Amino acid sequence: IFLNILGFYFFIKKNKIFKFLSLFIFASIPFFNFFNALVTLVLLFTYSVFSKINMKRFYFVASGIILRTTIYHLYIFYKFGLPQGSSFLSTSFLSNTISDLGALVGFSFFAVLLSIVGLVVTWKKRHEFFYIYIFAIILFLSSFFFPNYINIYLNFIIVILAGYGFFFLMDKKWQVKIIKNATLLLI
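Residues numbered from 1 in each chain as written. Predicted model: local features only at pLDDT ≥ 70, side-chain atom pairs only at ≥ 80, totals over all residues. Heavy atoms only, no water.

*Asks:* Outline the overall build of the chain, listing residues and values.
*Replies:* Helix and strand counts for the chain stand at nine helices and zero strands. Buried positions account for 30% of the 187 residues belonging to the chain. Counting contacts in the chain only where the partners sit at least 6 residues apart, residues at least 24 apart contribute 58% of the total. Total accessible area on the chain is roughly 12,600 Å²; 73% of this is exposed by carbon and sulfur atoms. (Helix = DSSP H or I, 4+ residues; strand = E, 2+ residues; numbered from the N terminus. Buried < 20%, exposed > 50% of the residue type's maximum accessible area, 1.4 Å probe, protein only. Contact = heavy atoms within 4.5 Å. Areas by Shrake-Rupley, 256 points an atom, 1.4 Å probe, with all protein chains shown as cover.)

Next up, the structure:
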């Protein structure tokens, strides 16, 4: 996450030195795992298309990421073989997603509930949040297969939607103020 944010910081700068710094930082992400590199490429592409920056910069950085990912992971696959498979069939989806039920990288039950409220609240402005919804759906479906890798990125969307849900509950008019305060304190 830190390398992605730092890489994006350098990526959006206009100077060529920053472009090379972003390439160096983004090219180090495949050392962590393949999925982080893939998510980084998707985020870079999405940002490049919708911010209308010069696509040559994206192609330059993406080619570095793809080259580094290919070289590194082909070597790993050659040396150690293919991975054993995903945990899709071996464990429960809820125990891999909800931290209260034992997920190593998961979400709080209340954060999930608040994000559902936030989803309902932001649905009125769905044209503004359309690409966030699409990215969240892709990440959610991917989390069935690789929850420990994908939930890290999905957590950002859950937190944003939970914030919208929390502010909605906080601004909502309640009949009994003590119940409102107790509910918000509990959440």
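*Asks:* How would you sum up helix H2 (residues 16-28)? Please name residues and give values.
*Replies:* With 13 residues, H2 should cover 18 Å at 1.5 Å per step; its first-to-last C-alpha distance of 19 Å lies within 8% of that length. For H2, every residue scored as buried is listed here: Lys-19, Ser-22, Leu-23, Ile-25, Phe-26 and Ala-27. Looking at the buried residues of H2, the elements they touch are helix H1 (2-11), helix H3 (34-51) and helix H4 (55-80). Between the side-chain oxygen of the N-cap and the backbone nitrogen of Ile-17 there are 3.2 Å, and the N-cap of H2 in question is Asn-15. (Expected span 1.5 Å × (residues − 1). Polar contact = N/O pair within 3.5 Å; in protein donor to acceptor, adjacent residues only side chain to side chain.)

*Asks:* Just give me the short version of the packing of aromatic side chains, but keep the residues and values in it.
*Replies:* Tallying each qualifying case throughout the model produces 15 aromatic pairs. Seen from their ring centres, Phe-10 and Phe-18 are 5.5 Å apart, and the 10° between their planes marks the pair as stacked. Overall, the relative accessible area of 27% leaves Phe-18 in the partly exposed class. Ring pairing ties together the aromatic residues Phe-8, Phe-11, Phe-26 and Tyr-47, which thus form one cluster. Taking the ring centre of Phe-60 as reference, the NZ or CZ of Lys-19 above it sits at 5.0 Å. (Phe/Tyr/Trp six-rings, centres within 6.5 Å; stacked < 30°, edge-to-face > 60°. Lys NZ or Arg CZ within 6 Å of the ring centre and 35° of its normal.)

*Asks:* Give me a nonpolar patch on the surface: which residues, what numbers.
*Replies:* On the surface, a cluster of nonpolar side chains totalling about 930 Å² of accessible area is made up of Phe-45, Val-49, Phe-50, Phe-130, Tyr-131, Ile-134, Ile-137, Ile-138, Phe-140 and Leu-141. Of all elements in the fold, only H3 and helix H7 (126-142) reach the threshold of two or more residues within the nonpolar patch. No other element matches H7, which puts seven residues into the nonpolar patch. With a relative accessible area of 42%, Phe-50 lands in the partly exposed category. (Patch = residues over 30% accessible without salt bridge, like charges linked within 9 Å, V, L, I, M, F, W, Y side chains within 5 Å. Salt bridge = Lys/Arg side-chain N within 4 Å of Asp/Glu carboxyl O.)

*Asks:* Residue-level account of the packing of H1 against H2, with values.
*Replies:* One can describe the packing of H1 onto H2 by two numbers: an axis separation of 8 Å at closest approach and a directional angle of 160°. If you check the angle between H1 and H2, you find them roughly antiparallel. The way H1 lies across H2 gives a crossing that is left-handed. Along the contact surface, H1 presents Leu-3, Asn-4, Leu-6, Gly-7, Phe-8, Phe-10 and Phe-11, while H2 presents Phe-18, Lys-19, Leu-21, Ser-22, Ile-25, Phe-26 and Ser-28. In terms of residue class, the contact of H1 with H2 is built from nine nonpolar, four polar and one charged. (Axes fitted to C-alpha atoms, helices over the stretch in contact; angles between N-to-C directions. Parallel < 35°, antiparallel > 145°, perpendicular 65-115°, else oblique. Left-handed = near helix turned anticlockwise from the far one by under 90°. Nonpolar A, V, L, I, M, F, W, Y, C, P; charged D, E, K, R; others polar.)

Spatial relationships are all this shows, so hold off on functional conclusions.
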